[in-house]
There are 2 protein chains.
Amino acid sequence: MDKSSRVPLYLQLMEDIIRKIENQVYVENQQLPSERELCDIYGLSRITVRQALQELEREGYIYKLHGKGTFVATKSINQNLINLYSFTEEMKKMAKTPTTKVLSFSEIELEEHLANQLKLEPYEEVYQVVRLRLADNEPLMYETSYLPKKHFPDLSATDLVERPMYEVFKEDYQIVVTKAVETFLASLIREKEAKQLKVEKNQPAMLLKRHAYYQDKLIEYTISVARGDKFAYTVELN
Amino acid sequence: MDKSSRVPLYLQLMEDIIRKIENQVYVENQQLPSERELCDIYGLSRITVRQALQELEREGYIYKLHGKGTFVATKSINQNLINLYSFTEEMKKMAKTPTTKVLSFSEIELEEHLANQLKLEPYEEVYQVVRLRLADNEPLMYETSYLPKKHFPDLSATDLVERPMYEVFKEDYQIVVTKAVETFLASLIREKEAKQLKVEKNQPAMLLKRHAYYQDKLIEYTISVARGDKFAYTVELN
């Protein structure tokens, strides 16, 4: 560390750790030295080391496990918000194998106000489908979808286990998503989701609400709980 | 509650509470009955009441204060990601009064790897500016900006206290943002941010990284920590 430099010390430390991660001195999921050890190694104060680690965590280079220490993060998925995309297609592009686990499948009705919120008709019959989305067997998203029954009269859980949902829509019902409106909110992973996603609860979650349309007809409303440590979404504004 | 209905009980309860909020039976920041009281009032099980409250919290209708109870949320800000936007302009559109508090202003340098991350030149001199953004005196965002000194040679903290940053860019340097690339990540509010934002730490935060350009020159890199209970971002995909 160069204490006379105009580069703040915590940035110098960040720099050094990032370089070690990029040069694979530290590899994915490897444990980093403890805060105390980093202080000794670099001759820095606890406050400086802590700031560097916090920034590295924010930047997605490392993650902390409660009571266990600090580890090198696996690369996260950056989704460009330009065109319509599907989980299945995006994972394939990244040479990952996408799979889906159907956790529940039920037919329900929604009362007036809630139906309005979801932009569905009041008392309309909908399928409520809860699915876990995985890539290379790692659980990444916990999704709850509402699908109006009138558009997909014979839909079954089996269909959705065997094929991607949009493939079922297309092959069995000649319905293709032509437009989607997505809203992003920051939230926390709740206990039941944490169990499925195999992370600790109250970790950051990106909440993604998708209204999907086919020729101006709403065909899908999905709330996705995406692991905050795994997903980033990018948009270009002009 | 209609226990014979095909509308699940937790959805019926959500419906009833949403209706009361929309009809202002429950007003903003008012405390809701406790879980136990809701069980008694509606004749529902604890598990059903809890599920309804969790969904209402997710949907942004209510918020919980640790050890204090459940309260009606104030409306959140929905930012459409279509065109370039600024905090100042957006707040004015919503008839709110935007203000900015400059928390720190310093000149620093960035080493190679970090500069690359920020798309800046290595060892380039940059201003590091930390600002708190408020609307109607309510703190909403904690922002850290990096501005290359070469583009804004005489910038001072005073400039940024007195005028919105983009106004300073335009009036003093004839620089207008023509393109911005924004990346969204879910994170948690850290202690130092929580103090400024006047919320509890480890609450959800939307992390927003903005690279702003003027004629293909990077003029600003900003990391905004936006309160998760206050902001939603919407994009339309075709």
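Residues numbered from 1 in each chain as written. Chains lettered and ligands numbered in written order. Predicted model: local features only at pLDDT ≥ 70, side-chain atom pairs only at ≥ 80, totals over all residues. Heavy atoms only, no water.

1. Describing the overall build of chain A
For step 1, the next point in the chain: Assigned secondary structure in chain A consists of 8 helices and 10 strands.
For step 2, the next point in the chain: Along the three orthogonal principal directions, the C-alpha set of chain A runs to about 70 × 40 × 35 Å.
For step 3, the next point in the chain: Considering only contacts within chain A whose residues lie at least 6 apart along the sequence, 57% involve residues at least 24 apart.
For step 4, the next point in the chain: In the structure as shown, chain A presents an accessible area of about 11,300 Å², 46% of it carried by carbon and sulfur atoms.
For step 5, the next point in the chain: Averaging the locations of the 33 positively and 37 negatively charged side chains of chain A gives two centres separated by 5 Å. (Helix = DSSP H or I, 4+ residues; strand = E, 2+ residues; numbered from the N terminus. Contact = heavy atoms within 4.5 Å. Areas by Shrake-Rupley, 256 points an atom, 1.4 Å probe, with all protein chains shown as cover. Lys, Arg positive; Asp, Glu negative; His and termini not counted. Charge placed at Lys NZ, Arg CZ, Asp CG, Glu CD.)

2. Focus: the pairing of strand 2 (residues 69-72) of chain B
Residue and element names in this part refer to chain B.
For step 1, the next point in the chain: Bridge count for strand 1 (residues 62-65) against strand 2 is 4 bridges, and the pairing is antiparallel. Across the sheet, the residue bridging to Leu65 is Gly69, located in strand 2.
For step 2, the next point in the chain: Linking strand 1 back to strand 2 in an antiparallel pair, the connection comprises 3 residues, with Gly67 at a positive phi of about 75 degrees. (Pairing = 2+ DSSP bridges.)

3. Let's talk about helix 3 (residues 46-58) of chain A
For step 1, the next point in the chain: The end-to-end C-alpha distance of helix 3 of chain A, which contains 13 residues, comes to 18 Å, matching closely the 18 Å that a straight helix rising 1.5 Å per residue would cover.
For step 2, the next point in the chain: Positive backbone phi, at 85 degrees, marks Gly60 of chain A, one or two positions downstream of helix 3 of chain A. (Expected span 1.5 Å × (residues − 1).)

4. Here we look at the domain arrangement of chain A
For step 1, the next point in the chain: Domain boundaries assigned for chain A yield domain 1 (9-72) and domain 2 (77-234).
For step 2, the next point in the chain: Each of domain 1 of chain A and domain 2 of chain A has a C-alpha centre, and these two points are 35 Å apart. (Domains from an automatic or database assignment.)

5. Side note on the interface of chain B and chain A
For step 1, the next point in the chain: Taken together, the contact between chain B and chain A spans 68 residues of the former and 69 residues of the latter.
For step 2, the next point in the chain: Of the roughly 6,000 Å² buried between chain B and chain A on both sides combined, carbon and sulfur atoms contribute 51%.
For step 3, the next point in the chain: In terms of surface lost to chain A, no three residues of chain B exceed Arg6, Arg58 and Leu237 of chain B, which account for 15% of the buried area on that side.
For step 4, the next point in the chain: Seen at the junction of chain B and chain A, the total is 10 salt bridges.
For step 5, the next point in the chain: For Lys209 of chain B, the salt bridge identified is with Glu59 of chain A, shortest N-O distance 3.2 Å.
For step 6, the next point in the chain: Summed over the shared surface of chain B and chain A, the number is 30 residue pairs in polar contact (both at pLDDT 80 or more).
For step 7, the next point in the chain: Here the side of chain B that touches chain A is composed, by residue class, of 34 nonpolar, 14 polar and 20 charged.
For step 8, the next point in the chain: Pairing between strand 7 (residues 179-188) of chain A and strand 10 (residues 231-237) of chain B: 5 bridges, direction antiparallel. Directly across from Val181 of chain A, in strand 10 of chain B, lies its bridge partner Glu236 of chain B. (Buried area = accessible area lost by both parts, 1.4 Å probe. Salt bridge = Lys/Arg side-chain N within 4 Å of Asp/Glu carboxyl O. Polar contact = N/O pair within 3.5 Å; in protein donor to acceptor, adjacent residues only side chain to side chain. Nonpolar A, V, L, I, M, F, W, Y, C, P; charged D, E, K, R; others polar.)

6. Some thoughts on the sheet that holds strand 10 (residues 231-237) of chain A
For step 1, the next point in the chain: Ordered in space as 3(A)-10(A)-7(B)-8(B)-9(B)-6(B)-5(B)-4(B), the 8 strands form an open sheet in which the pairing is mixed. The open sheet has two edge strands, strand 3 (77-80) of chain A together with strand 4 (98-109) of chain B, and neither has a second partner. In this sheet, adjacent strand axes meet at a mean angle of 20 degrees when their direction is disregarded.
For step 2, the next point in the chain: As judged from the 10 bridges shared by strand 5 (residues 125-135) of chain B and strand 6 (residues 138-148) of chain B, these two strands associate in the antiparallel manner. When the bridges of strand 6 of chain B are listed, Val126 of chain B appears paired with Pro148 of chain B. (Axes fitted to C-alpha atoms, helices over the stretch in contact; angles between N-to-C directions.)

7. Description of the confidence of the model for chain A
For step 1, the next point in the chain: Looking at chain A as a whole, the pLDDT averages 93, with 100% of positions reaching at least 70.
For step 2, the next point in the chain: Both scores are given for the predicted complex: the pTM is 0.90, the ipTM 0.90. (pLDDT = per-residue confidence, 0-100.)

8. A few points about the packing of helix 1 (residues 9-22) of chain A against helix 3 of chain A
Residues and elements named next belong to chain A.
For step 1, the next point in the chain: Across the interface, helix 1 lies against helix 3 with an axial gap of 8 Å and an inter-helix angle of 55 degrees. Viewed along their axes, helix 1 and helix 3 adopt a mutual orientation that is oblique. By crossing handedness, the relation of helix 1 to helix 3 is classed as right-handed. Only Thr48, Val49, Gln51, Ala52, Leu53, Glu55 and Leu56 of helix 3 make contact with helix 1, whose side of the interface consists of Leu9, Tyr10, Leu13, Met14, Ile17 and Ile18. (Parallel < 35°, antiparallel > 145°, perpendicular 65-115°, else oblique. Left-handed = near helix turned anticlockwise from the far one by under 90°.)

9. Concerning the relation of the copies chain B and chain A
For step 1, the next point in the chain: Mapping chain B onto chain A is achieved by rotating through 180 degrees and translating by 0.0 Å along the same axis, at an RMSD of 0.0 Å. On this basis, the relationship between the two copies can be described by a two-fold rotation axis. Within chain B, the C-alpha atom positioned nearest to the axis of rotation is that of Ala186 of chain B, 2.5 Å from it.
For step 2, the next point in the chain: Both copies share a contact surface, since 100% of the interface residues of chain B are interface residues in chain A too. (Least-squares fit on C-alpha atoms with pLDDT ≥ 70 in both.)

10. Examining the packing of aromatic side chains
What characterises a pair of aromatic rings is the spacing of the ring centres plus the angle enclosed by the ring planes.
Residues and elements named next belong to chain A.
For step 1, the next point in the chain: All told, the structure shown has 16 aromatic pairs over all chains when counted by the stated rule.
For step 2, the next point in the chain: Geometrically, the ring pair formed by Phe184 and Tyr233 is tilted, given 4.9 Å between the ring centres and 50 degrees between the ring planes. Of this pair, Phe184 sits in strand 7 while Tyr233 is found in strand 10, placing the two residues 49 residues apart along the sequence. Residues Phe184 and Tyr233 agree in their burial class; the two are buried.
For step 3, the next point in the chain: One aromatic cluster in this structure is built from Phe152, Tyr166, Phe169 and Tyr173.
For step 4, the next point in the chain: Above the face of the Tyr213 ring, Lys179 is positioned so that its terminal group lies 4.9 Å from the ring centre. (Phe/Tyr/Trp six-rings, centres within 6.5 Å; stacked < 30°, edge-to-face > 60°. Buried < 20%, exposed > 50% of the residue type's maximum accessible area, 1.4 Å probe, protein only. Lys NZ or Arg CZ within 6 Å of the ring centre and 35° of its normal.)

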